[in-house]
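Below, each chain spelled out in residue letters.
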2 protein chains.
Amino acid sequence: MASTNRQIVLAARPEGLPKESDFRPIETPAPSLGEGQFLVKIQYLSVDPYMRGRMSEAKSYAPSVALGEVMVGGAVGTIVESRHPEYRQGEVVVGYFGWQEYALSDGRGTQRFDTSVAPISTALSVLGMTGMTAYFGLLEIGQPKEGETVFVSGAAGAVGSLVGQIAKLKGCRAVGSAGSAEKVAYLKNELGFDAAFNYKEADDYVAKLDEVCPQGIDVYFDNVGGPLTDAVFRRINDHARIVVCGQIEQYNATRPPRGPRVLWHLIVKQARAEGFLIFSYTHRFPEGQKQMAQWLKEGKIKYHETIVDGLENAPKAFIGLFHGENLGKQLVRVA
Amino acid sequence: MASTNRQIVLAARPEGLPKESDFRPIETPAPSLGEGQFLVKIQYLSVDPYMRGRMSEAKSYAPSVALGEVMVGGAVGTIVESRHPEYRQGEVVVGYFGWQEYALSDGRGTQRFDTSVAPISTALSVLGMTGMTAYFGLLEIGQPKEGETVFVSGAAGAVGSLVGQIAKLKGCRAVGSAGSAEKVAYLKNELGFDAAFNYKEADDYVAKLDEVCPQGIDVYFDNVGGPLTDAVFRRINDHARIVVCGQIEQYNATRPPRGPRVLWHLIVKQARAEGFLIFSYTHRFPEGQKQMAQWLKEGKIKYHETIVDGLENAPKAFIGLFHGENLGKQLVRVA
């Protein structure tokens, strides 16, 4: 192995949209193993919108990254050295290893990944936290029933593209919004969405929803928030379920975001809005991963990964999420 | 019986706060019975905030009252004449009889009330729709667990005052907000709330909530909406349940109400906001009424009714709801 470890650390707390200068590449000596530890050579990093919250000092569900600290994030790699009784060299593991080439681990919060099932990158996409977010978010919180309409915002993203496909597998009508004509075509032609639209070209979201969801919306899987979500509240059906997964529209807001009050719609429609964090479902990942792997094998679920090469490009890839540059899951290939 | 029927009809659709001139008293000939009908002499009318929605043309969960039509609303009275095989003269019945002295009914949507259990007025308060709203809203939607903190807005109102007491019976800490020092004293000294505050005298709701709910909020029973509810979203605990029962703060709004976006809080706290209409629980009223009657008998639930005399004063009593003039349930004594 190398004698140095390249890392990306948080250089500054962003105001608004993160800039590349908010990150800094550094080189440190390669970490040395203690008893009960193993060393992972990272192959892929996941970049996800939630990381914007970790860059901020504001209190949230997880601690902030300190200035000068390695950026957090899920990663997958191979064990290159082990002094841990239960992990062997050559095993592929997934964990919150951060934005770096090598990571030490004592095994806590780490799962093995079976590369005979699917390519290693899927440990971070369809078979990883992303896939599980779609799976448990839609099925447990959304409770879709056959014949219902499931609308998903950010539908061409990592989670959204899976949500729509799972909805179809459950006998629902799947409808999505995305940010380009290419993405919309991808949703309809490749993933089998029943309808989709480019939110950047719709000037009246309520009218657009009436067009693409003529029976109203029974389940809304919200990755985005903002004005589109406001419109959805006006088009939900009785007993609708709103799965609040992400609110990317406001992650870079510099002032507290405001909008129409929405709770009244919940009364009138006897509807529910529920947020979730996928970490609470970790104990059920094996169940979700088994089902996802089965669907993959049967060709019932498709996935797309947008991969950039080089650890040094992780900040750019991360920032690109807020410009909708990714189709499906955004990954960084490190090794 | 009298040869005429006094009624209150909708005279104009209100803009903002309803005025007395939006209503008009009229006299019509007393209705004559058809086969399968009975005639009810109304003793008490219920006035409730939800009626503001029925006065408006905007689409909601129930049809608007037409101009010139008798105002809707729950009422209780005695059958004075019957040509219905299952209802006898002298029986006390509850139904949506409207703002009038006499109502015809074919029995649909009507329940008998057993006056040996409690005074007739309770058919509209603690043992009626109001009590059932508190009971099923808190227990079914709110799912309070022993030791949790239940916060209720509009706590001295018809529903809120019962919610706090039921929360106490379930082993929760009950905290409420109300609009006067007298109401706050009533909550703490008469109803056994653990804490309460006058929202009109609090200038920082978040700080006030920190003071009265030092362990955060597990269940929020929201009758009010607006800035107080905004603050609650910032003080909910993990897995909190927000029961969206009413949003009286905005019922008279002349422009679509706006406020801070709240969905992000639901994600971070893995929390749920759910609206409900009590009509969906009608089939379970016997169960709720039995429990409430039991609690009443055991002295475990107290209730207060604010009663005004005279059908002609129904508009004034209704408008008073929006000024917080009622303590507990607002009723109009007709006969």
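Read on for an overview of the structure. Owing to the predicted nature of the structure, the values given are computational and were not obtained by experimental measurement.

The rules we used
Residues numbered from 1 in each chain as written. Chains lettered and ligands numbered in written order. Predicted model: local features only at pLDDT ≥ 70, side-chain atom pairs only at ≥ 80, totals over all residues. Heavy atoms only, no water. Contact = heavy atoms within 4.5 Å. Buried area = accessible area lost by both parts, 1.4 Å probe. Salt bridge = Lys/Arg side-chain N within 4 Å of Asp/Glu carboxyl O. Polar contact = N/O pair within 3.5 Å; in protein donor to acceptor, adjacent residues only side chain to side chain. Buried < 20%, exposed > 50% of the residue type's maximum accessible area, 1.4 Å probe, protein only. Helix = DSSP H or I, 4+ residues; strand = E, 2+ residues; numbered from the N terminus. Pairing = 2+ DSSP bridges. Right-handed = clockwise from strand over helix to strand, strands pointing away. Least-squares fit on C-alpha atoms with pLDDT ≥ 70 in both. Arc of directions from axis to C-beta.

This next bit is on the interface of chain A and chain B. Opposite the 33 residues of chain A that make contact, chain B presents 33 residues. Taking both partners together, chain A and chain B bury about 3,100 Å²; carbon and sulfur atoms supply 58% of that area. Where chain A meets chain B, there are two salt bridges. Here B:Asp230 ties to A:Arg261 by a salt bridge, and the two come within 2.7 Å at their closest N and O atoms. In this assembly, chain A and chain B are joined by 12 residue pairs in polar contact (both at pLDDT 80 or more).

Another aspect to go through is the pairing of strand S16 (residues 329-333) of chain A. Residue and element names in this part refer to chain A. With respect to burial, S16 is a largely interior element, four of its five residues being buried. Summarising the sheet, strand S3 (residues 38-46) and S16 pair through three bridges and their orientation is antiparallel. Its bridge partner being in S16, Tyr44 is matched across the sheet by Arg333. Note that the unit made of strand S15 (residues 305-309), helix H9 (residues 314-321) and S16 has a crossover that is right-handed.

This part takes up the relation of the copies chain A and chain B. Placing chain A over chain B gives an RMSD of 0.0 Å and needs a rotation angle of 180°, together with 0.0 Å of translation along the axis. What we have between these two chains is a two-fold relation. A share of 100% of the interface residues of chain A reappears at the interface of chain B, consistent with the copies meeting face to face through the same patch.

Next up on the list: helix H5 (residues 205-212) of chain A. Within H5(A), the full set of buried residues consists of A:Tyr205, A:Val206, A:Leu209 and A:Val212. The buried residues of H5(A) occupy an angular sector of 130° when projected down its axis, which confines them to one face.

On to unusual backbone geometry, then. Residues and elements named next belong to chain A. Positive phi values are uncommon outside glycine, yet Gln143 reaches one of about 50°. Summarising the element assignment, Gln143 is placed in the loop between helix H2 (129-142) and strand S8 (149-152). According to the relative accessible area criterion, Gln143 is partly exposed, its value standing at 38%. Unusually for a residue other than glycine, His239 sits at a positive phi of about 65°. As for its position among the elements, His239 is in strand S12 (residues 236-244). Given a relative accessible area of 45%, His239 falls into the partly exposed group.

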